[in-house]
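# Geometric and topological summary
For reference, the chains in residue letters:
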Amino acid sequence: MTRRTPRLSRLRRVVPEGRSGRPAEARGARPRRRGTQPKVVALGGGMGLSASLAALRRITGDLTAVVTVADDGGSSGRLRDELGVLPPGDLRKALAALCGDDDWGQTWARVIQHRFQSQGDLHEHAVGNLLIVALWEQLGDHVQALDLVGRLLGAHGRVLPMSAVPLELEALVRGHDPERPDEVGTVRGQATVALTPGEVQSVHLVPIDPPAVPEAVAAVLDADWVVLGPGSWFSSVIPHLLVPELLDALIETKARRVLSLNLAPQPGETEGFSPQRHLEVLGRHAPKLALDVVLADEAAVPDRDSLTEAAQRFGAAVELAPVARPDGSPRHDPELLAAAYDRIFRMHGRIGPWR
């Protein structure tokens, strides 16, 4: 593990009164053979998913990222508009997060994240976005192309889009226009939703029932653990629950499910949200979804009883751990987050060593 592994002991468990943790067999979770690694699927997008992947690759070699494809801003939005392709940006970020810590991995991570600076059409385009789109056009297969990029980078895991069609995010927002604070209207586009000054009421995707990538559904159904979040709640986390086949897989899977909460509300999108409010809006979008564990930074939870009550509605226990960077910024520390995930995997059904 890492030099900070001893801090595993600082992870605290908060369980509703009178409730004991469910054993791995409670929902038919598959016992694992001694010496094997857990199959982990992480869902999300953007920097939140990248933080989770950077942590998870430290504790398992069987890791799959399922990434939202509703981005419509920046380089991704321009490529999407011009070529009609999936937005590659969040997929690129996930691949970079899965690069190893050796010279090869870190060099390629920097290369694919590099953005051109110019006065022309290439300005702000990311190298990795262009590489991914080029391979999509060459191979005609989203999954095959992403797998090839992963092999080139030496990525410690697989990256899949949640859908094979470009998606648009629509939100009902109260007060998007500051001059009409009580008016509820529709806001369209992930970039706009993420930065709205109003209060997001709900989100949906266009098209309304998009097809899931079959490999993503299969990965969720075959997983031992599914990790949802952290990330932009309405634009990166909840969209996975709006793809019917993917939601069905999340409900039906025998995997244990971890929800990783953000360290702080996001300006605009979740301004003023408490940790329990994040759970409440998640439940409104996917009322049949069950969870096993809700992970939160202990310093970001002012009202532990309310969070425990909200988690209990999903059937989940709450785990509190120091997972933030020590510099005080609202960013996850990869080593501390890895330690928290590893501790959760051990406490909730792990049988024998996976490493």
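Here, residues in each chain are numbered from 1, in the same order as that chain's written sequence. Side-chain atom pairs in this predicted model are given and counted only at pLDDT of 80 or more, local residue features only at pLDDT of at least 70, and totals for whole chains, interfaces and linings cover all residues. Just so you know, side-chain values use all the structure's heavy atoms and leave hydrogens and water out.

## Notes on the pattern of salt bridges
This is how it is decided: For this document, the term salt bridge refers to a Lys or Arg side-chain nitrogen within 4 Å of an Asp or Glu carboxyl oxygen. Under the DSSP-based scheme used, a helix requires at least four consecutive residues in state H or I and a strand at least two consecutive residues in state E, with every element numbered from the N terminus. A 1.4 Å probe rolled over the protein chains alone gives each residue an accessible area, and that area as a share of the maximum for its type sets the label: buried under 20%, exposed over 50%, partly exposed in between.
Tallied over the entire structure, the rule returns 14 salt bridges. Linking Arg57 and Asp101 is a salt bridge whose minimum nitrogen-to-oxygen distance equals 3.0 Å. Here Arg57 is found in the loop between α1 (46-56) and β3 (63-67), whereas its partner Asp101 is found in the loop between α3 (89-97) and α4 (103-113), with 44 residues between them in sequence. Judged by relative accessible area, Asp101 falls into the exposed class, the value being 52%. In this structure, Asp101 engages Arg58 in a salt bridge whose closest nitrogen and oxygen atoms are separated by 3.9 Å. Taken as a pair, Asp101 in the loop between α3 and α4 and Arg58 in the loop between α1 and β3 lie far apart in primary sequence, 43 residues in all. Judged by relative accessible area, which is 23%, Arg58 ranks as partly exposed.

## Some thoughts on α4
Rules: The arc in question is traced by the directions running from the helix axis to the C-beta atoms. Every residue pair with non-hydrogen atoms within 4.5 Å of one another is taken to be in contact.
Those residues of α4 lying buried are Gly105, Ala109 and Ile112. Buried residues of α4 fall within an arc of 75 degrees about the axis and therefore sit on the same side. Away from its buried face, by an angle of more than 90 degrees, α4 presents the exposed residues Asp103 and Arg110. Those residues of α4 that are buried are in contact with α3, α5 (127-139) and α6 (142-153).

## Concerning the sheet that holds strand β5 (residues 168-174)
What counts here: Two strands make a pair as long as DSSP finds a minimum of two bridges between them. Convention adopted: a line fitted to C-alpha atoms gives each axis, helices being fitted over their contacting stretch, and angles between N-to-C directions are expressed from 0 to 180 degrees.
Strand order across the open sheet formed by 3 strands is β6-β5-β7, with antiparallel pairing between neighbours. Here the strands that pair on one side only, and so sit at the sheet edges, are β6 (184-188) and β7 (199-206). Taken pair by pair, the neighbouring strands of this sheet meet at an average axis angle of 25 degrees, ignoring direction. Bridge count between β5 and β7: 7 bridges; the pairing is antiparallel. Within the sheet, the bridge partner assigned to Glu170 lies in β7 and is His204.

## Thoughts on the confidence of the model for the chain
What counts is decided by this rule: pLDDT: the predictor's confidence for each residue, scored from 0 to 100.
Of the residues in the chain, 88% reach a pLDDT of 70 or more, and the chain-wide mean stands at 87. The model gives residues 1-11 a pLDDT under 50, and that stretch makes 29 contacts with residues more than four places away or in other chains. Taken as a whole, residues 350-355 scores under 50 in pLDDT and shows 21 contacts with residues more than four places along the chain or in a different chain.

## Brief notes about the layout of surface pockets
The line we're drawing: The way it works is a 1 Å grid over only the protein atoms, where trapped points that fit a 1.4 Å probe form a cavity and open points with protein on both sides within 12 Å along at least five of seven lines form a pocket, and then any residue with an atom within 4 Å of a point lines it. Grid points are joined across faces, edges and corners, and a volume is the space filled by probe spheres set on the points.
Taken as a whole, the largest pocket encloses approximately 1000 Å³ of empty space. Around the largest pocket, the lining is made up of 40 residues, and of these Gly46, Met47, Gly48, Ser50 and Ala51 lie nearest the centre. Listing elements by their share of the lining of the largest pocket, those giving two or more residues are α1, α3, α4, α7 (190-194) and α9 (233-237). Take the lining of the largest pocket: its biggest share by element is 6 residues, from α1.

## Points about the nonpolar core
Using the following cut-off: Residues belong to one nonpolar core when they are buried, are Ala, Val, Leu, Ile, Met, Phe, Trp, Tyr or Cys, and are joined through side-chain atoms within 4.5 Å.
Core analysis: the biggest nonpolar cluster contains 103 residues, and Leu282 and Tyr341 have the highest contact counts within it. Ignoring anything within four residues of it in the chain, the contact list for Tyr341 reads Ser52, Ala55, Leu56, Ile59, Val227, Gly229, Pro230, Val258, Ser260 and Leu295.

## A few points about the side chain of Ser260
Worth spelling out the cut-off: For the purposes of these results, a polar contact is taken to be a pair of N or O atoms within 3.5 Å, where, inside protein, one atom must be able to donate a hydrogen and its partner to accept one; residues adjacent in sequence count only when each atom of the pair is a side-chain atom.
Relative to the elements of secondary structure, Ser260 occurs in strand β9 (residues 256-260). Taking relative accessible area as the criterion, Ser260 reaches 1% and is therefore assigned buried. There is a polar contact of 3.5 Å between the side chain of Ser260 and the side chain of Tyr341. Leaving out residues up to four positions away in the same chain, Ser260 has contacts with Leu228, Gly229, Pro230, Trp233, Leu295, Leu337 and Tyr341.

## Quick word on the environment of Ala51
Topologically, Ala51 is positioned in helix α1. Looking at Ala51, the relative accessible area reads 18%, which means it is buried. Those residues in contact with Ala51 that lie beyond four places of it in its chain are His332 and Leu337.

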